[in-house]
Amino acid sequence: EDQVTQSPEALRLQEGESSSLNCSYTVSGLRGLFWYRQDPGKGPEFLFTLYSAGEEKEKERLKATLTKKESFLHITAPKPEDSATYLCALMSGAGSYQLTFGKGTKLSVIP
Amino acid sequence: GAGVSQSPSNKVTEKGKDVELRCDPISGHTALYWYRQSLGQGLEFLIYFQGNSAPDKSGLPSDRFSAERTGGSVSTLTIQRTQQEDSAVYLCASSLGPAETQYFGPGTRLLVL
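Residues numbered from 1 in each chain as written. Chains lettered and ligands numbered in written order. Predicted model: local features only at pLDDT ≥ 70, side-chain atom pairs only at ≥ 80, totals over all residues. Heavy atoms only, no water.

A.B. asks: Help me understand the interface of chain B and chain A in this model?
C.D. replies: Size of an interface: often given as the accessible area lost when the parts come together. Contacts between the two partners involve 21 residues from chain B and, on the opposite side, 19 residues from chain A. Carbon and sulfur atoms make up 59% of the area that chain B and chain A hide from each other, which totals about 1500 Å². Inspection of the chain B/chain A interface yields zero salt bridges. Applying the counting criterion to the chain B and chain A interface returns six residue pairs in polar contact (both at pLDDT 80 or more). Looking at the side of chain B that touches chain A, the elements that each hand over two or more residues are strand E4 (31-37), strand E5 (43-50) and strand E9 (103-104) of chain B. (Contact = heavy atoms within 4.5 Å. Buried area = accessible area lost by both parts, 1.4 Å probe. Salt bridge = Lys/Arg side-chain N within 4 Å of Asp/Glu carboxyl O. Polar contact = N/O pair within 3.5 Å; in protein donor to acceptor, adjacent residues only side chain to side chain. Helix = DSSP H or I, 4+ residues; strand = E, 2+ residues; numbered from the N terminus.)

This is the structure we're talking about:
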């Protein structure tokens, strides 16, 4: 069974304090690993897709990396507007195309 | 361009009533998904439509839940005889095709009293 575990559940950072969010997964053949950002009361907003181990993608202060067992979302010099819940999801290579989500990491960036 | 839209934004209903939730996908997207997000839980897959193929209903929690997609575009999720445990945010997503990035709507917040 496909599984996604995110850690930590919650993270408080001072503005400018860099850190990483972890997404551990087990899957029978990975079709893609996705990162989304979700603000309170809104739907998830797409950030990145990673397809194979060793792949990296960057957008502003965010950088996503992928290994065969984990993905990391690195946040460099975060700002208060980066506060949100970050969701990791995988799409299995077997069967249908639905996403299996982790429970998310709630990030708070304090000015 | 326009994103995925959902209506209503919020729905309060009484236990035992039926509800219909609507999703308008991004124009040109052939794949459409429904997910449910309960308090403290991750997003849970419900159903997947791809073009004119038979939908993948493997995530529907009970036979009280059904969905249809008319003309390959708009989709309606129906919950019959609602229960309190059905209270959640129902999210719709669409993608250009299978295995492509899914883009989510704002969700419908359902509260069953």
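A.B. asks: What exactly am I supposed to notice about the state of the cysteines here?
C.D. replies: Linking two cysteines covalently through their sulfur atoms gives a disulfide. Residue and element names in this part refer to chain A. Applying the stated criterion to the full structure yields two disulfides over all chains. Shown here is the disulfide that connects Cys23 with Cys88, its sulfur atoms set 2.0 Å apart. One disulfide, between Cys23 and Cys88, carries an S-S torsion of -65° and so falls in the left-handed class. Taken as a pair, Cys23 in strand E3 (residues 19-26) and Cys88 in strand E9 (residues 84-92) lie far apart in primary sequence, 65 residues in all. As far as burial versus exposure is concerned, Cys23 and Cys88 are alike and both buried. (Disulfide = S-S within 2.5 Å. Buried < 20%, exposed > 50% of the residue type's maximum accessible area, 1.4 Å probe, protein only.)

A.B. asks: Which parts of the structure should I look at to understand the sheet that holds E3 of chain A?
C.D. replies: Hydrogen bonds between backbone groups are what pair the strands of a sheet, and the pairing can be parallel or antiparallel. Residues and elements named next belong to chain A. Read across the sheet, five strands follow the order E1-E3-E8-E7-E6 without closing on themselves; strand pairing throughout is antiparallel. Strands with a single pairing partner mark the edges of an open sheet, and in this sheet they are strand E1 (3-7) and strand E6 (56-59). The sheet shows a mean angle of 15° between the axes of neighbouring strands, taken without regard to direction. As judged from the six bridges shared by E3 and strand E8 (residues 70-75), these two strands associate in the antiparallel manner. (Pairing = 2+ DSSP bridges. Axes fitted to C-alpha atoms, helices over the stretch in contact; angles between N-to-C directions.)

A.B. asks: How should the pattern of salt bridges be read in this particular structure?
C.D. replies: Side chains that differ in sign of charge can pair as their charged atoms come close. All names here are of chain A. Enumeration according to the criterion identifies seven salt bridges over all chains in this entry. The salt bridge involving Glu56 is made with Lys63; its shortest N-O contact spans 3.3 Å. Of the residues examined, Glu56 reaches a relative accessible area of 48% and is grouped as partly exposed. Across the pair Arg61 and Asp82 runs a salt bridge whose closest N-O atoms are separated by 2.8 Å.

A.B. asks: What's the story with the nonpolar core in this structure? I'm lost.
C.D. replies: As a rule of thumb, soluble globular proteins bury nonpolar side chains together. Counting 22 residues, the largest nonpolar core has Trp35, Leu73 and Tyr86 of chain A as the members making the most contacts within it. Looking at this core, the elements that each hand over two or more residues are strand E2 (10-14), E3, strand E4 (30-38), strand E5 (45-50), strand E7 (62-66), E8, E9 and strand E11 (105-110) of chain A. Top contributing element to this core by residue count: E9 of chain A, with four residues. Counting residues in each nonpolar core, the second largest holds 20 residues, with Ala67, Ile79, Tyr90 and Leu110 of chain B among its members. (Core = buried A, V, L, I, M, F, W, Y, C linked by side-chain atoms within 4.5 Å.)

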